[in-house]
Structure formats: structure tokens, C-alpha cells
Amino acid sequence: MIKLLMAPDRQALKQKLFTLIQPLQKAKRGAPLTNRTLPANTSNQIEALVTAIEALNPNLSPLLYSPQLLDGNWLLNYSTAREIRSLDKLPLGLKVGRIYQIINVPNQSFLNQAFVYHPLGLAKGYVKVTAKFEIAKPTGAVLPDKRINVEFLERIISVQKLMGVPTPKLDPAKVVPARSPEGRIPFLEITYLDEDLRIGRGGEGSLFVLSKVDQVTP
């Protein structure tokens, strides 16, 4: 008897990915999962699903044909990026919570916002990095495809509460220039994009998995 090979179903793969990620992320109060804190087999499973989903991208050349899908609030679900993994070890007992990327396509700008809290309620706030981006063309390409170049602008540190008491004078507490890495232009390639899921690959091979949300909540 000949078995018919069924093509992988994109929605089924997405459902499997979120079924794996969401309970683990909820247990971390919404903080993104990383390959540093997950068991190796779980990280491998996530990254295998991501690769399979990327192969079924319904919006090839997203920056050319569907840039409007980028617009809005994106919650970071999983990443292998060094800067995200480093947030697992914050000083003074602080913990990172949800991390969002909020994109404004018409203005070609975005901001990354990481909420931070102390498990005992001693402090609560966030770190925000503003940036602008430009659509980039790979060397030799005639039209843009999936790469954006990034320029970071400001880093904003805000303390919203201390010992449970609101601290409006510390919101923001500090604003400093956000420096891009010397000698290179940070970039991101959008390898998958639809109405509620975005996958990207950074210049150092880092992986970002994000889901679109209606609003930003700490």
C-alpha cells in the first residue's frame, strides 16, 4: 500500500510551536524563553519547528510586498540572542518580565521595551531602547527583500515603583544615547511574517520569535 506524503500544514506547525512555548513563558511571568535556560531538547524542538515554519512563509519578500504586517506590538516569545540571554542574570535580585517590540512602519522606527520587577515587590520598572530602521538591499539585489538595517537612538531607564510606592519622578530615571556596535551596522532578516507571528534572524545568527498582541502590558 502506497502512503501519500502530506505537505506540512503551516497553521498546525504554528499551533504546535505556541502550545510548546506559551505554558513555559507563562511560568516565567511572560519573560521570553532562551536556549540558555531551557533544556537542550526543548530548545532543539522549538528551533526545528521554527525552521519548518520559515519554509512555509506566506509572505516572501515581506519588505517589498507586505511591510504593513510589521506594524504594531510584538511580544518576544523566544530568542537565542546574547543580549536577551544576558537578561536572565540581572543584579539586585531583579527579574525580567515581558519584552515587547513596538514598530511604526510609516515612521520607520521602533522601540524595544523590557519590563523589570523584583519578586518581593521591592521595585518595578522598565528599560526602553528607541531606534530607527531602513529597508536594506542585499549586495547585488535589485529590490529589497527581507533585511532591515538598524540604528539605535536612546536607552531609557524608568523606575515606576519602589516598595510598592509609585515613583513618577523616576519615570524616566535616566536617558542616555544607545550606541550601535562599532564597525558594523546591526541588521535583522525577517524570515517569516504573517498576521500574528514573526520570525527573524540577526547578524550573529541569533533567532527571534515574536507574536503580535493588541496591547503592551507589564
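Note that the structure is predicted; figures quoted are calculated from it, not measured.

What counts and what doesn't
Residues numbered from 1 in each chain as written. Predicted model: local features only at pLDDT ≥ 70, side-chain atom pairs only at ≥ 80, totals over all residues. Heavy atoms only, no water. Helix = DSSP H or I, 4+ residues; strand = E, 2+ residues; numbered from the N terminus. Polar contact = N/O pair within 3.5 Å; in protein donor to acceptor, adjacent residues only side chain to side chain. Contact = heavy atoms within 4.5 Å. Salt bridge = Lys/Arg side-chain N within 4 Å of Asp/Glu carboxyl O. Buried < 20%, exposed > 50% of the residue type's maximum accessible area, 1.4 Å probe, protein only. pLDDT = per-residue confidence, 0-100.

*Asks:* How would you sum up the side chain of Thr80? Please name residues and give values.
*Replies:* Checked against the element boundaries, Thr80 lands in the loop between β2 (72-79) and α4 (82-85). Reaching out from Thr80, the side chain makes a polar contact with the backbone nitrogen of Leu207 at a distance of 2.9 Å. Leave out the neighbours within four places in its chain, and Thr80 touches Asn35, Glu47, Arg85, Gly205, Ser206 and Leu207.

*Asks:* Run through the pattern of salt bridges, naming residues and quoting values.
*Replies:* Overall, the coordinates contain 8 salt bridges when judged by the stated rule. Lys14 is the salt-bridge partner of Asp196, the closest N and O atoms lying 2.7 Å from each other. With Asp196 in the loop between β9 (187-193) and β10 (197-202) and Lys14 in helix α1 (residues 10-27), the pair connects residues that are 182 residues apart, well separated along the chain. Of the residues examined, Lys14 reaches a relative accessible area of 5% and is grouped as buried.

*Asks:* An account of the confidence of the model for the protein chain is needed here, citing residue identities and associated values.
*Replies:* Taken over all residues, the pLDDT of the protein chain has a mean of 92, while the share at 70 or more is 97%. Segment residues 1-5: pLDDT under 50, and 0 contacts once partners within four positions in sequence are set aside and those in other chains are kept.

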